[in-house]
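Summary of structural features
Take a look at the letters that make up each chain.
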Amino acid sequence: MPPISEILPFVLALAAAGVVAGLLAGMFGIGGGAILVPIFFHVFGLLGVPEEVRMHLALGTSLAIIVPTSIRSFMAHRQRGAVDMQLLKGWAIAVPLGTLLAAAVAAKASSTELRLIFAVIALVLAFRMIFNRASWQLGKDLPRNPFKFLVGVAIGILSGLMGIGGGVLNNTFMTLYGRPIHQAVATSSGVGVLISLPGLFGYLWAGWGEAGLPPFSTGYINWLAVALLIPITLLMAPYGARLAHAMSKRQLEMGFGIFLIVVSAQFFLSVYS
């Protein structure tokens, strides 16, 4: 057990990160993974976690935090009958398979490679948010297998490599094929469950026995961060939601897109500076 003097700065830094993440997640209506990963990366850096494992730890810990929040959200949406259960059942293998493949990639990838992957995907999502138009559609209903199965695998891989619950990706897929945004958001909560649970176990395995991990870590999951962040983000999210209601949907999309561009730029600079 490390001395309190070593744990206290870690706790305070993570608590501050939770406040920021909760506010931003509430404002932008997402699970918080895209926000938590860059925050974790910088906080773990300030606390002296080696660069070799810092990005891996940020990704794994983010997915662990998404587990309870996605389950809670899924149950609430399912009670309202808003979830497309047929799509989720069809993705019961595809999405977890993609997430486990992402964990396998993370186990072999360097911190630099993971930061570049995150930066590129974040930049693509940013432009999608900024230039999104409701009129953009590829079809009037979801495509059939094997294309739909492959999309599920792709969502699992990309989400697992970003430490996110897949909401932005699934929302894009469903709305491009004519599904209403409310159904897409509700179904995304179930996609978050399919991603976060296998992602948690995948990053546990990927980081098992790695050197340089901070106290209270198992593999690439830091349980102190998980225990602190879940209640803090749940507490702060409603305040972020209040701020969101003072803004239009377009302003929120632009705000989140700009946030992702800033995060992407920071990761690119951390690699090439």
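Structural notes, computed from the coordinates. (Residues numbered from 1 in each chain as written. Predicted model: local features only at pLDDT ≥ 70, side-chain atom pairs only at ≥ 80, totals over all residues. Heavy atoms only, no water.)

1. Description of the overall build of the protein chain
Looking only at helices and strands, one finds 11 helices and two strands in the protein chain. The linear arrangement of helices and strands in the protein chain, starting from the amino end, is α-α-α-α-α-α-α-α-α-β-β-α-α. A globule of 273 residues ought to have a C-alpha radius of gyration of about 19 Å, and the protein chain, at 18 Å, matches this closely. Principal axes of the C-alpha set define a box for the protein chain whose edges measure 60 × 40 × 40 Å. Burial analysis of the protein chain (273 residues in total) assigns 51% to the buried set. Of the contacts formed within the protein chain by residues at least 6 apart in sequence, a portion of 80% connects residues at least 24 apart. As displayed, the protein chain offers around 12800 Å² of accessible surface, 69% of which is attributable to carbon and sulfur atoms. In the protein chain, the 16 positive side-chain charges and the 8 negative ones have mean positions that sit 17 Å from each other. (Helix = DSSP H or I, 4+ residues; strand = E, 2+ residues; numbered from the N terminus. Rg over C-alpha atoms; globule rule 2.2 N^0.38 Å. Buried < 20%, exposed > 50% of the residue type's maximum accessible area, 1.4 Å probe, protein only. Contact = heavy atoms within 4.5 Å. Areas by Shrake-Rupley, 256 points an atom, 1.4 Å probe, with all protein chains shown as cover. Lys, Arg positive; Asp, Glu negative; His and termini not counted. Charge placed at Lys NZ, Arg CZ, Asp CG, Glu CD.)

2. Remarks on the nonpolar core
Leu14, Phe40, Met55, Trp91, Phe118 and Tyr203 are the most contacted members of the largest nonpolar core, which has 77 residues in total. Ranked by the residues each element gives to this core, the list is headed by helix α3 (residues 51–79), at 11 residues. Excluding residues that lie within four positions of it along the chain, tyrosine 203 makes contacts with His56, Leu59, Gly60, Leu63, Ala102, Ala103, Ala106, Gly160, Leu161, Gly219, Tyr220 and Ile221. (Core = buried A, V, L, I, M, F, W, Y, C linked by side-chain atoms within 4.5 Å.)

3. What about helix α2 (residues 33–46)?
Along an α-helix, residues three or four apart share an orientation, since each turn contains 3.6 residues. Here α2 spans 20 Å end to end across 14 residues, near enough to the 20 Å set by a 1.5 Å rise per residue. Within α2, 11 of the 14 residues are buried, leaving the element largely enclosed by the surrounding structure. Among the residues of α2, those classed as buried are Gly33, Ala34, Ile35, Leu36, Val37, Pro38, Ile39, Phe40, Phe41, Val43 and Phe44. (Expected span 1.5 Å × (residues − 1).)

4. What to know about helix α7 (residues 147–162)
Between its first and last C-alpha, α7 extends 22 Å over 16 residues, near the 22 Å set by a 1.5 Å rise per residue. Looking at α7, one finds that the buried residues are Lys148, Val151, Gly152, Val153, Ile155, Gly156, Ser159, Gly160, Leu161 and Met162. Following α7 by one or two positions, glycine 163 adopts a phi angle in the positive range, close to 70 degrees.

5. Observations regarding the pattern of salt bridges
On inspection of all chains with the given rule, the structure shows three salt bridges. Salt-bridge contacts for arginine 115 lead to glutamate 51; the nearest nitrogen and oxygen are separated by 2.5 Å. Linking arginine 115 in helix α6 (residues 111–131) with glutamate 51 in helix α3, this pair joins segments that are 64 residues apart in sequence. Exposure remark for arginine 115: the relative accessible area of 2% places this residue in the buried category. You can call glutamate 51 partly exposed: its relative accessible area is 36%. (Salt bridge = Lys/Arg side-chain N within 4 Å of Asp/Glu carboxyl O.)

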